[in-house]
Every structure is written in C-alpha cells, then in structure tokens.
Amino acid sequence: MKQKLSIVKIGGNIIEDQESLSQFLKLFAQLEGKKVLVHGGGKRATDFGKKLGIESKMVDGRRITDAQSLEVVVMVYAGLVNKNIVAQLQASNCNAIGLSGADANTIIAEKRPVNEIDFGFVGDIIAVNSESISRLLSAAFVPVFCALTHDGRGQLFNTNADTIASEVAIALSHTYDTTLYYCFEKKGVLRTITDEDSVIRRINMESYQKLKQQKIISDGMLPKLENCFHALNKRVQRVCIGDLSMLEPKAQLFTTITL
C-alpha cells in the first residue's frame, strides 16, 4: 500500500498577509504524513522591483521576465519568501528544506518558445526528478519549493507555481498516494461568485463539463481546473481547492476534484 503524500500550493494572497501565512504554516506543519509545499511570491517581487527602480511587465496577468526581473524574482522567491517560510516551519517543529528546481536537479525546464509574446526567462517544465525529492521525503525532510526551475545548463527560469505543484504531484504519484491542494483566498469553487459559502463540494469530469456550459465555472478558474484534471489524468489521486481552513483536521467546506 502506497504512503500518503500531500502537495500543497499557496497563493500570493496568503503569502502577502503575515497573519494568514502564519496560520497556514501552523496548519501545514500539523498535516500528517509526508508533504511538500510550493509557493510563488509575485506580488512581493513586484514591490521589491519597484524599490530597485525595476518595473514589472505583465501581459494577460503573466509576468514578462527579462534579465533584471529574473534577478529580482530569484532574490525574492528563493531568498526572502522561501527562507522566511522555512524558518517559520522550523519554529513549528516541521523540518523544512527550501528548494528551487535547480537544487538536487529536481525540476528541469526549457525556455518558453517565442510566439506572439516573448516571455523572457520563463520556463516550461520538461522533467521532474522524483528520485531526488523522494530521497528528501524518506529522510524526513519537508521540501518547500519556490517558483524557479533550471535548464541543466546554468540558466534559471521563472515558472508558474500552480504548474510546479501539479508536475511534482504527477511525478510523485507513481510512488505515493498523492493529494494535491490548491490553497487560495476562496473557500473553494463557488456556484455563485458573490456568495462565499456557495462552495461546490465535489466536481468530476462530467459535472465540470456541465458547470462550464452553465458558465458557473469561467474566466480565471478555467485554467486552474484544467490544471487539476491534467494532474488527475496523470495518476494524481485527488485535487482539493479551498482556503487555508481546508487543512484543518475536520474541514468540510472546500472543493474535491476527482475523475
């Protein structure tokens, strides 16, 4: 029987609010079994860049990462945000180890091809070294990944944290009974966007198609859900979406997605 593994991705709104982050990390530290945390830090990188006189360039909500922006992103993601998270987890007796995709050669990516837009130093994942991550898990470490990957030839890339969480979960699902958690500011996938408690508790592929047709799921939630089903189709056992209370032992108000 496979051991249980939780892969948890936290969104920027939690990272930005110190109280929410502290509450989340205490809940994460208490999660039973093996676990991996994935985080971004885009808003912090934008603010830090402004202090240095480097303006962030965005297209359709996605960051253009030129050479200067990459330096800021590496400093903020792998340094400021990652090490603060690791230190707070250690304070909760959770033996965390901060990583980028370059560490232990864990996540290999290639530069996103230039079509209509050149995203610069943005990486698309081509391989996850599950053996390296499994060794850390077996040694009772809790990996904490920031949103950086590398190409194996010395180049770092800014990479979407949702995608990192999904691809790490897929790679480890061959060895572990894997649950992927997307933790953000909403309580789950909402039936009515203005009603915070209208959480759809369960979604499978059939109900997802109906919810899309009814326009209940639309806009920014569509790529998130597509990411979830991509992971499920690659043997991740289940995906959960909700706010930080989803990690509480008896939590019920969140969305579970299965095939």
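Notes on the structure in this doc start here. Small disclaimer: the values here were computed from a predicted structure and weren't measured. (Residues numbered from 1 in each chain as written. Predicted model: local features only at pLDDT ≥ 70, side-chain atom pairs only at ≥ 80, totals over all residues. Heavy atoms only, no water.)

**A short note on empty space enclosed by the protein**
Note the threshold: Cavity: a set of points on a 1 Å grid over the protein atoms alone where a 1.4 Å probe fits but cannot get out. Pocket: an open set with protein on both sides within 12 Å along at least five of seven lines, its lining residues, like those of a cavity, having an atom within 4 Å of a point. Grid points are joined across faces, edges and corners, and a volume is the space filled by probe spheres set on the points. Numbering of helices and strands starts at the N terminus; helices are DSSP runs of H or I of at least 4 residues and strands are runs of E of at least 2. Residues are sorted three ways: Asp, Glu, Lys and Arg are charged, Ala, Val, Leu, Ile, Met, Phe, Trp, Tyr, Cys and Pro are nonpolar, and all the rest, Gly among them, are polar.
This model, assessed by the stated rule, comprises one cavity of 30 Å³ or more. Of all the secondary structure elements, the ones that give two or more residues to the lining of the largest cavity are α3 (42-51) and α4 (67-91). Examining the composition of the lining of the largest cavity, we find that three residues originate from one element, α4, more than from any other. Across the lining of the largest cavity, the residue classes tally to four nonpolar, three polar and two charged.

**Side note on the packing of helix α2 (residues 18-30) against α4**
Which entries qualify depends on this criterion: Simply put, an axis is a line fit to the C-alpha atoms, just over the touching stretch for a helix, and the angle between two N-to-C directions goes from 0 to 180 degrees. Angular relationships are summarised with four words: roughly parallel below 35 degrees, roughly antiparallel beyond 145, roughly perpendicular across 65 to 115, and oblique for the angles in between. Crossing handedness is read from the near helix: turned anticlockwise from the far helix by less than a right angle, it gives a left-handed crossing, and turned clockwise, a right-handed one. The contact rule is simple, with two residues in contact once any of their heavy atoms fall within 4.5 Å.
It is at 9 Å that the axes of α2 and α4 come closest, and there the two elements cross at 50°. By the angle between their axes, α2 is oblique relative to α4. Here α2 and α4 pass one another in a crossing that is right-handed. The segment α2 lies against α4, with Q18, L21, S22, L25, F28 and A29 engaging I85, Q88 and L89. Counted by class, the contact of α2 with α4 contains six nonpolar, three polar and no charged residues.

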